[in-house]
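Structural overview for review
Chain by chain, the residues run as shown.
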Amino acid sequence: MKVKMNPFTIWDYLVFFATLLLSMGIGVYFAFQGRKKKSEGEYLMASRSMSVIPVSVSITVSFLSAISILGNPAEMYNQGAAFMLNSIGVAGACIVSSLVFVPFLYPLQLTSTYEYLEKRFNSRAARLVGTGLIILSQIIYMATASFAPSTALNIVTGFPVWATIIIMAAVSTFYTSIGGMKAVIWTDVFQCLVMISGVFAIIVQGSIKVGSFSKVWDINEEWGRLDVWNFDPDPTIRHSFWSMAIGSTISWTGTFGLAQASVQRYSSLRTLREAKMATLLVVFGANFLILSCCVSGVVVFAYYVMKDCDPVGKKLVHNSNQLVPFFVMETLAYPSVPGLFISALFSGALSSISSSLNALAAVTWEDLLKPVLNKNMTASKKLYIIQGTVVVYGCLSLAISFIVMNLEGTILQITISLIGTVSGPMLGLFILGGFFPWANAKGAIGGALISLAFSFWIAIGAFVTGIPRDKFSYPNGTCSEYLTNDSIVTMTTTPLPTSTVTPLTTTITPHHGRTGIEKLYTVSYLWYSTIGMLVTVVIGLIISFITGANSIDGVPTEYQIPLASRVLCCLPKSWQRTLNCNREFEEPEDLCLRSETKTNKNTVSDNGKMEYDNKAFDMKTCPENGITLKND
């Protein structure tokens, strides 16, 4: 079948390739700008000298990429606007991360987050389990991030998906490998601006085509797409208030508070106060992008209701992930505008892939290679090895991308499902270490591995048996205006059996009536991370007590999370004294490093120590509270 579409013009190609060249140019700039002082600390941590705003933007777009630009609108079209409540989870996760995990990890000044696991559990095996989990999750994430813009470029130009994936991997690997952390962060800032421009072009033009934004909203309400407040606690409900408010909060907490890419970024800032501020600012940036992408989906649905056409059900597109680019090529066929949209998709994907590559290079070097290589190796050789790991992971993500292409569901659900199965056990490991001094290495390792297996079992079972979805109505017109024998772009699609659309709802996999083990596969994908976290903690504690739990005083305080001090630190000091909050755990820069703002004599070195008047000190303890400050 041939589908009528507007062409992708030379101006679109120019905008698209200009975006790719600018991204690579930023990498080249920072490669030459810092070539004289290049070291592993500069390459992986930007010498811990970054500013709040670019770091906050980088954290935001690292995890909200082309997946959001395509996946959120596809979700709005297929399953209504309930996913908008995901913004609650994002806000909760950023607040929890800023109050609990950032003050916990930042003072340790780690290059690899998983070094904490070795120190806390006194076990290199525990550290390697954490490293393995992050490598697995980031490879999966890069694969899905690569696939998203590839399917879009295919619909607008006919360019092969496999070729686009290769281009994506090549560009991101290039500028990440030569430019390091600074190149990744500043490229993220540039790419964020492109993403926002592309999304708003859809919202504005779509609203104009429908008549007004209020009309867009009215149409979605008439079709039952805006009924988002479902308070039913049933965990098999795909999107409920509870899965969004609790499940998403737990899932995003692992992302913003503990994921290597996030920790690496907020640890590149100069002070803990800046790290907390950058994490809190993600609330606004992430929710702005999430809600904008969701609104664009609401607009697209209203537009096709007005056209009385369901492009997905009519097979005008291969899948719902191609719906937005199909809309763009129809309604935004102005010179360079479609190119801007494709650039937005590629920018989002590049920001995610480059962040993942940089994070993987850091953990691979710190956790796997550095301990076994010659410690007298020159700085340039170390840097070449780290850059080589970036290239290896870039190639590895290519292979996984071709597997992701064959999975059922929107790109959004695929990503959250697969990442949730890994992030849950990872979050559980840090909760075991930080909140439960009784947990030992055997419990941590056993709990994480059992949880990982259990989480993957549920996720794979859901994909195999069919992903449960809610039933919605769709336009049921013939879409005849899109069919032609003289189209500019030809797509291979499934022949239509009749002249009438077969409603998409007839292909939806029902979950009611499933019994036994199949009932487990109907649990909402938003709970995967929560399930993984709980299994890790519960199994970990059971194994710890069976094998000989630690004493309550057996873990150094710097490796524990003082919950009362973290959560209640914002209360008035008189209240804190009444509640007997432990002041030993206050922010290091407040208690120990106040002279930094007065003298500017404090700098942070590549090895993570605080240098003052040419003397290095640990940042973990504070003399003002009667605690010894160790001279290095």
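Read on for a plain summary of the structure.

1. Thoughts on the overall build of the protein
Across its full length, the protein carries 23 helices and three strands. Every one of the 632 residues in the protein was classed for burial, and the buried ones make up 61%. In the protein, 85% of the contacts between residues at least 6 apart in sequence involve partners at least 24 apart. Approximately 24,200 Å² of the protein is accessible, and the part contributed by carbon and sulfur atoms is 63%.

2. Some details on the packing of helix α9 (residues 213–222) against helix α12 (residues 272–306)
Two elements in contact, α9 and α12, have axes separated by 9 Å at closest approach and are oriented at 80°. As summarised for this structure, α9 and α12 are arranged roughly perpendicular, according to the angle between their axes. For the pair α9 and α12, contact is made by Phe213, Lys215, Val216, Trp217, Ile219 and Asn220 and by Val295, Val298, Val299, Phe301, Ala302, Val305 and Met306, respectively. Residues of the contact of α9 with α12, tallied by class, amount to eleven nonpolar, one polar and one charged.

3. Section: the nonpolar core
Counting 158 residues, the largest nonpolar core has Phe256 and Phe341 as its most contacted members. The leading source of residues in this core is α12, at 19 residues. With sequence-adjacent residues up to four places away left out, Phe256 is seen in contact with Ile59, Phe63, Val90, Ala93, Cys94, Ser97, Ser262, Tyr266, Val282 and Ala286. Grouped together as the second largest cluster of nonpolar side chains are five residues, Phe147, Val161, Ile165 and Ala169 included.

4. Re α9
Among the residues making up α9, those that are buried are Val216, Ile219 and Asn220. Seen from one end, α9 has its buried residues packed into an arc of 95°, which puts them on one side. When the buried face of α9 is taken as reference, the exposed residues oriented beyond 90 degrees from it are Glu221 and Glu222. Phi for Gly224, located one or two positions after α9, is positive at around 70°.

5. Side note on a nonpolar patch on the surface
A cluster of nonpolar residues, Ile10, Trp11, Tyr13, Leu14 and Phe17, forms a patch on the protein surface that exposes about 550 Å² of accessible area. As for its placement among the helices and strands, Tyr13 is situated in helix α1 (residues 10–33).

6. Some details on the state of the cysteines
A covalent bond between the sulfur atoms of two cysteines is referred to as a disulfide. If you walk through the whole model with that rule in mind, you get one disulfide. Disulfide pairing is shown between Cys309 and Cys479; the S-S distance is 2.0 Å. In this structure the cystine formed by Cys309 and Cys479 twists about its S-S bond by roughly 110°; its chirality is therefore right-handed. Taken together, the residues Cys309 in the loop between α12 and α13 (323–331) and Cys479 in the loop between α17 (441–465) and α18 (517–520) connect sequence positions 170 residues apart. Neither residue differs from the other here; Cys309 and Cys479 are each classed as buried. Cys293 provides the cysteine sulfur closest to Cys294, a residue in no disulfide bond, and the two sulfurs are 7.1 Å apart. On the basis of relative accessible area, Cys294 is assigned to the buried category, the value being 0%.

7. Notes on α13
In terms of burial, α13 is a largely internal element, eight of the nine residues being buried. Turning to α13, its buried residues number three or more, namely Leu323, Val324, Pro325, Phe326, Phe327, Val328, Met329 and Thr331.

8. Focus on the side chain of Arg120
Relative to the assigned elements, Arg120 resides in helix α6 (residues 115–121). Despite its burial, Arg120 remains without a salt bridge, the nearest opposite charge being carried by Glu558 at 11 Å. A polar contact of 2.9 Å, which involves the side chain of Arg120, links it to the backbone oxygen of Phe436.

9. Topic: the packing of α12 against α13
At a minimum axis distance of 11 Å, the contact between α12 and α13 shows a crossing angle of 60°. By the criterion of interaxial angle, the relationship of α12 to α13 is oblique. Considering only the axes of α12 and α13, their crossing is left-handed. Residue-level contacts link Val300, Tyr303 and Tyr304 of α12 to Leu323, Phe326, Phe327, Glu330 and Thr331 of α13.

Cut-offs and rules
- Residues numbered from 1 in each chain as written.
- Predicted model: local features only at pLDDT ≥ 70, side-chain atom pairs only at ≥ 80, totals over all residues.
- Heavy atoms only, no water.
- Helix = DSSP H or I, 4+ residues; strand = E, 2+ residues; numbered from the N terminus.
- Buried < 20%, exposed > 50% of the residue type's maximum accessible area, 1.4 Å probe, protein only.
- Contact = heavy atoms within 4.5 Å.
- Areas by Shrake-Rupley, 256 points an atom, 1.4 Å probe, with all protein chains shown as cover.
- Axes fitted to C-alpha atoms, helices over the stretch in contact; angles between N-to-C directions.
- Parallel < 35°, antiparallel > 145°, perpendicular 65-115°, else oblique.
- Nonpolar A, V, L, I, M, F, W, Y, C, P; charged D, E, K, R; others polar.
- Core = buried A, V, L, I, M, F, W, Y, C linked by side-chain atoms within 4.5 Å.
- Arc of directions from axis to C-beta.
- Patch = residues over 30% accessible without salt bridge, like charges linked within 9 Å, V, L, I, M, F, W, Y side chains within 5 Å.
- Salt bridge = Lys/Arg side-chain N within 4 Å of Asp/Glu carboxyl O.
- Disulfide = S-S within 2.5 Å.
- Lys, Arg positive; Asp, Glu negative; His and termini not counted.
- Polar contact = N/O pair within 3.5 Å; in protein donor to acceptor, adjacent residues only side chain to side chain.
- Left-handed = near helix turned anticlockwise from the far one by under 90°.

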